[in-house]
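Close look at the chain arrangement
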Amino acid sequence: MQVFYKKKELISFVNAQKEAAKIIGFVPTMGALHEGHLSLIAEAEKTCNLVVVSIFVNPTQFNNASDLKKYPRTLENDLNLLEKQFDNCIIFAPSENEIYEDDLRAEHFDFGALAKQMEGKYRDGHFDGVGTILKRLFSIIQPDKAFFGEKDYQQFCIVKKLVKITGQPVEIIGCPIHREANGLARSSRNKQLSEKEREEAGLIFETLKQVQEKFGTESASSIRNWVEEKFEANNTLDLEYFEIADADSLEPIEEKNNKKKYRAFIATYANNVRLIDNIALN
Ligand code: PAF
């Protein structure tokens, strides 16, 4: 399995693949790979001749220095895992300098209302950082398709908007959320949870499933109150936000409209570890 650390070398490799009419898939990651990432790569391998997996903890998308510092970095394990499972995959693991040179700043993008809710509201500048790194990676890797997990559903919507803004010719594909046995959405951050926290974090998906049931008969505001009370009664998880929003515009629900699709979104903290999840409601 080939591992590239320099963009120049990757670009010449990719150019040769493109000349040979190979379809290139891309799975961007920040490493600390788990089953969720592996399922994205497996999905990409189904329709692409070559899958590029990037492993890069992108500093400009963190709005909290200690979160960035403690983000798990497990490159050697990640490479072993990929080597064992995939035949058509190559890795891009650049240094910070390779991507940002001496200018560690995010570009600003006008994502409109999509970036104003939820993650955009609670993680100032986060989506500009995500847009900055993906625009650069898309231009280095030149993928035909890029694969994103729907755990970060808002990010998935933002990336679709990003490629409209930049005009980069890449198809953005969303893939289902991968879950642990108790329903906890797989995330690299789960590694930072104690055993007890990891077990209790099953409450997040359990709540979302109940929200899905209630959505048929109850108002959004009564569901919101119910969720808030449920988390107030729990000593391990602190609710940061719960929102029911239009699945396309991400605008918070006002009145239920049967023609629209809605999703419920949640962000919680378990002892400083931030966990997010979401579910389709109709
Ligand atoms: O979802 C992630 O892991 C990151 O936001 C991404 C897409 C790799 C960009 O750094």
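Before any of the text, the structure's been laid out above.
Residues numbered from 1 in each chain as written. Predicted model: local features only at pLDDT ≥ 70, side-chain atom pairs only at ≥ 80, totals over all residues. Heavy atoms only, no water.

**Here's the deal with the sheet that holds strand E9 (residues 273-280)**
Spatial strand order, E7-E8-E9: three strands in an open sheet with antiparallel pairing. The open sheet has two edge strands, strand E7 (237-246) and E9, and neither has a second partner. Shown here is a sheet whose adjacent strand axes are inclined to one another by a mean of 15 degrees, direction ignored. Bridge analysis of E7 against strand E8 (residues 262-270) gives nine bridges, and the strand direction is antiparallel. Looking at E8, one finds that isoleucine 244 is bridged to alanine 264. In the packing of helix H11 (residues 220-232) onto the sheet, the strands contacted are E7 and E8, and the crossing angle to E7 comes to about 165 degrees. (Pairing = 2+ DSSP bridges. Helix = DSSP H or I, 4+ residues; strand = E, 2+ residues; numbered from the N terminus. Axes fitted to C-alpha atoms, helices over the stretch in contact; angles between N-to-C directions. Contact = heavy atoms within 4.5 Å.)

**Observations concerning the packing of helix H7 (residues 126-141) against helix H8 (residues 153-166)**
The N-to-C vectors of H7 and H8 enclose an angle of 55 degrees; their axes lie 10 Å apart at closest approach. Relative to H8, the element H7 lies oblique. Here H7 and H8 pass one another in a crossing that is right-handed. Along the contact surface, H7 presents Phe127, Val130, Gly131, Leu134, Lys135 and Phe138, while H8 presents Gln154, Gln155, Ile158, Val159, Leu162, Val163 and Thr166. Split by residue class, the contact of H7 with H8 holds eight nonpolar, four polar and one charged. (Parallel < 35°, antiparallel > 145°, perpendicular 65-115°, else oblique. Left-handed = near helix turned anticlockwise from the far one by under 90°. Nonpolar A, V, L, I, M, F, W, Y, C, P; charged D, E, K, R; others polar.)

None of this, on its own, says anything about what the molecule does.
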